[in-house]
Amino acid sequence: MGYLRVNPSIVQPRHKTRKMIQEYLQKAMQRAQYEILEDNEGFYGSIPGATGVWATGNTLEECRNELLEVLEEWILIGIAQGHKLPEFDGVSLKVESIA
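Predicted, not measured: the structure shown is a model, and the values here were computed from it.

J.: Whenever I open this one, the nonpolar core confuses me. Can you help?
T.: Soluble globular proteins tend to pack their nonpolar side chains together in the buried interior. Ranked by internal contacts, the top residues of the largest apolar core, which has 16 residues, are Tyr24, Ile47, Val53, Leu67, Leu71, Ile75 and Phe88. Of all elements in the fold, only helix 1 (14–30) and helix 2 (60–80) reach the threshold of two or more residues within this core. It is helix 1 that provides the largest number of residues to this core, a total of 4 residues. If we skip the residues at most four places from it in the chain, Phe88 touches Tyr24, Lys27, Ala28, Arg31, Ile47, Pro48, Gly49 and Ala50.

J.: Please explain a negative patch on the surface as it appears in this structure.
T.: Taken together, the side chains of Glu61, Glu62, Glu66, Glu69, Glu72 and Glu73 make up a negatively charged region of the molecular surface. In this structure, Glu62 sits in helix 2. We classify Glu62 as partly exposed; its relative accessible area is 38%.

J.: Can you walk me through the sheet that holds strand 2 (residues 43–46) in this structure?
T.: Neighbouring strands of a sheet are bound in pairs by backbone hydrogen bonds; such pairs are parallel or else antiparallel. If you walk across this open sheet you meet the 3 strands as 1-2-3, and the pairing is antiparallel. Edge strands, defined here as strands with exactly one partner in the open sheet, are strand 1 (33–36) and strand 3 (54–57). Strand-to-strand twist across the sheet, computed as the mean angle between neighbouring axes with direction ignored, equals 20 degrees. With 4 bridges connecting them, strand 2 and strand 3 associate as antiparallel partners. Opposite Gly45, over in strand 3, you have Ala55 as the bridge partner. Against the sheet, helix 2 engages strand 1, strand 2 and strand 3, with an angle of about 150 degrees to strand 3.

J.: Got a minute to help me understand the packing of aromatic side chains in this structure?
T.: Following the criterion strictly, the structure yields 2 aromatic pairs and no others. Relative to Phe88, the ring of Tyr24 has its centre 5.3 Å away and its plane inclined at 65 degrees; by these criteria the two rings are edge-to-face. Of this pair, Tyr24 sits in helix 1 while Phe88 is found in the segment after helix 2, placing the two residues 64 residues apart along the sequence. Across this residue pair, the class does not change: Tyr24 and Phe88 are buried. Its end group placed over the ring of Tyr34, Arg64 keeps NZ or CZ at 5.4 Å from the ring centre.

J.: For this particular structure, what's the right way to read the layout of surface pockets?
T.: Using a probe with the size of a water molecule, rolled over the atoms, empty space left in the structure can be pinpointed. By volume, the largest pocket amounts to about 180 Å³. His83, Lys84, Leu93, Lys94 and Val95 are the residues nearest the centre of the largest pocket, which is lined by 12 residues in total. Partitioned by chemical class, the residues of the lining of the largest pocket number 5 nonpolar, 4 polar and 3 charged.

Cut-off values and rules
Residues numbered from 1 in each chain as written. Predicted model: local features only at pLDDT ≥ 70, side-chain atom pairs only at ≥ 80, totals over all residues. Heavy atoms only, no water. Core = buried A, V, L, I, M, F, W, Y, C linked by side-chain atoms within 4.5 Å. Buried < 20%, exposed > 50% of the residue type's maximum accessible area, 1.4 Å probe, protein only. Helix = DSSP H or I, 4+ residues; strand = E, 2+ residues; numbered from the N terminus. Contact = heavy atoms within 4.5 Å. Patch = residues over 30% accessible without salt bridge, like charges linked within 9 Å, V, L, I, M, F, W, Y side chains within 5 Å. Areas by Shrake-Rupley, 256 points an atom, 1.4 Å probe, with all protein chains shown as cover. Salt bridge = Lys/Arg side-chain N within 4 Å of Asp/Glu carboxyl O. Lys, Arg positive; Asp, Glu negative; His and termini not counted. Charge placed at Lys NZ, Arg CZ, Asp CG, Glu CD. Pairing = 2+ DSSP bridges. Axes fitted to C-alpha atoms, helices over the stretch in contact; angles between N-to-C directions. Phe/Tyr/Trp six-rings, centres within 6.5 Å; stacked < 30°, edge-to-face > 60°. Lys NZ or Arg CZ within 6 Å of the ring centre and 35° of its normal. 1 Å grid on protein atoms, 1.4 Å probe; cavity = no way out; pocket = protein on both sides within 12 Å on 5 of 7 lines; lining within 4 Å. Points joined across faces, edges and corners; volume = space filled by probe spheres on them. Nonpolar A, V, L, I, M, F, W, Y, C, P; charged D, E, K, R; others polar.

In structure tokens:
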């Protein structure tokens, strides 16, 4: 199981932290579900387990790119607000802070 620990007293190499975040994003995006909107007006995508993470786009690629951007922002907001982020296929991000 992968974890990201954000703690000033624990110094991790930047590449290791980046790899863990990329793995989390990849696992979440692998869960993404897409559907074609009515009248072929584009695509809708969402990620089950990531409440509120959804996007639309004129093409499937545009929808995927937008969904990834929304997911990244959702993670940042979740961390900033102290929310527990869901686990995706054994990979989770856990944030520790020092009071």
